[in-house]
Amino acid sequence: TYGMHIDVNGGATLGASNQFTNTGTLNISDGTQYAMYISGFSSRPSYFTNEGDLNIEDMDYIAYANSNGTFTQTSAGTTSGYGILKQIGTVNMDGTFETSGSDPEHISLEVGGGSTTFDLSSAVFNLRAAGTAGKGVAGGNDYVNILGSATLAGSIFNISFEGGYTP
């Protein structure tokens with residue numbers, strides 16, 4: 001199941017599309033597979049744009065965009081959660097991405113199905129380091145895991161040190 005499913009029916013008229021834009025606060029929880037699944041069909045795409053606050057709780061996948069789905073976050077948007085943002089369609093990443101909760105967490109960017117690159121050149125990542133795994137290795141600290149290729153020039157990584165940890 002999905003916390004939210006944005007879809008265009010396969011029987012829809014060619015050229016039809018489905019556009020969802022979040023400009024306020026959107027809380028998604030209790031899905032068992034993906035927090036958000038953005039799916040479309042050939043010549044009938046689906047779009048999700050985050051211009052506000054997207055809060056995702058307790059799901060392994062933040063979002064999944066199929067080959068005709070698009071996930072976009074503008075510079076005004078913030079996604080708070082953890083897990084995998086899987087790109088098979090188009091993912092345009094800007095704004096702020098931050099992990100939620102106090103346990104060590106990750107934001108994974110996974111390229112699949114013919115897509116090649118994440119453009120993170122305008123993204124800001126807010127991460128935490130508690131030092132519990134020692135020497136700054138992933139596991140005790142939040143981290144960004146990129147599975148594929150990414151453009152990072154211009155990205156900002158803010159790391160807060162918690163629990164008395166000083167590197």
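How each quantity is defined
- Residues numbered from 1 in each chain as written.
- Predicted model: local features only at pLDDT ≥ 70, side-chain atom pairs only at ≥ 80, totals over all residues.
- Heavy atoms only, no water.
- Pairing = 2+ DSSP bridges.
- Helix = DSSP H or I, 4+ residues; strand = E, 2+ residues; numbered from the N terminus.
- Axes fitted to C-alpha atoms, helices over the stretch in contact; angles between N-to-C directions.
- Phe/Tyr/Trp six-rings, centres within 6.5 Å; stacked < 30°, edge-to-face > 60°.
- Buried < 20%, exposed > 50% of the residue type's maximum accessible area, 1.4 Å probe, protein only.

Trainee: For the sheet that holds strand E18 (residues 156-161), give the residues involved together with the corresponding values.
Mentor: Ordered in space as E3-E6-E9-E12-E15-E18, the six strands form an open sheet in which the pairing is parallel. Taken across any chain shown, the strands that pair with only one partner, and hence form the sheet edges, are strand E3 (25-28) and E18. Taking each pair of neighbouring strands and ignoring which way they run, the sheet shows an average axis angle of 15°. Bridge analysis of strand E6 (residues 53-56) against strand E9 (residues 78-80) gives three bridges, and the strand direction is parallel. Its bridge partner being in E9, Asn 55 is matched across the sheet by Ser 80.

Trainee: Run through the packing of aromatic side chains, naming residues and quoting values.
Mentor: On inspection of all chains with the given rule, the structure shows three aromatic pairs. Considering the side-chain rings of Phe 125 and Phe 157, the 5.1 Å spacing of their centres and the 10° angle between planes classify their relative orientation as stacked. Placement of the pair is Phe 125 in strand E15 (residues 122-129) and Phe 157 in strand E18, with a sequence separation of 32 residues. Residue classification places Phe 125 among the buried residues on the basis of a relative accessible area of 0%. An aromatic cluster of at least three residues, connected via ring pairs, comprises Phe 97, Phe 125 and Phe 157.

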